[in-house]
Amino acid sequence: QKMNKLDKLLHQELRLAIVSYLSGVEWANFNKLLDVTEATKGNLSVQIKKLENADYISIKKSFKDNYPLTQCKITPKGQKALDAYISNLKDLLKL
């Protein structure tokens, strides 16, 4: 039996952390993601853009009290990819 391949987009620590966190909340703002992932602003920006380009998350930009507010939300496609990733990982590890 052939092994299922792990999603390369999710098989990166920071992107996996972002999507995993978002799967448990409705929306999370950029600062919350910075806090939970302990990433740098630059790296987090790059990774959420990659996830948005793959349609795994959606990003909503607005302003709050004259400050930019970036909010992220997992998409149905992203949730499906995360579920498949976890399932494939369990198969791989024979759990």
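Residues numbered from 1 in each chain as written. Predicted model: local features only at pLDDT ≥ 70, side-chain atom pairs only at ≥ 80, totals over all residues. Heavy atoms only, no water.

## Some words on helix α4 (residues 76–92)
Taking 1.5 Å per residue, 17 residues should reach 24 Å; α4 reaches 24 Å between its end C-alpha atoms and fits that length. Regarding α4, the residues found buried are G78, A81, L82, Y85 and N88. Relative to the axis of α4, the buried residues are bounded by an arc of 130° and lie together on one face. Of the exposed residues in α4, those oriented more than 90 degrees away from the buried face are P76 and K80. Taken together, the buried residues of α4 touch α1 (13–22) and β3 (67–74). Following α4 by one or two positions, K94 adopts a phi angle in the positive range, close to 55°. (Helix = DSSP H or I, 4+ residues; strand = E, 2+ residues; numbered from the N terminus. Expected span 1.5 Å × (residues − 1). Buried < 20%, exposed > 50% of the residue type's maximum accessible area, 1.4 Å probe, protein only. Arc of directions from axis to C-beta. Contact = heavy atoms within 4.5 Å.)

## Some remarks on a nonpolar patch on the surface
A contiguous nonpolar surface patch, about 330 Å² in accessible area, is contributed by L92, L93 and L95. For L95, the location among the structural elements is in the segment after α4. Given the relative accessible area of 77%, L95 is considered exposed. (Patch = residues over 30% accessible without salt bridge, like charges linked within 9 Å, V, L, I, M, F, W, Y side chains within 5 Å. Areas by Shrake-Rupley, 256 points an atom, 1.4 Å probe, with all protein chains shown as cover. Salt bridge = Lys/Arg side-chain N within 4 Å of Asp/Glu carboxyl O.)

## A closer look at the sheet that holds strand β1 (residues 28–29)
With antiparallel pairing, three strands are arranged side by side in an open sheet as β1-β3-β2. Either end of the sheet is taken by a strand with one partner, and the two such strands are β1 and β2 (57–64). Looking at chain direction, β2 and β3 are connected through eight bridges and run antiparallel. In the sheet register, K60 faces β3, and the bridge partner there is Q71. Those strands touched by helix α3 (residues 41–53) are β2 and β3, and its axis lies near 125° from that of β2. (Pairing = 2+ DSSP bridges. Axes fitted to C-alpha atoms, helices over the stretch in contact; angles between N-to-C directions.)

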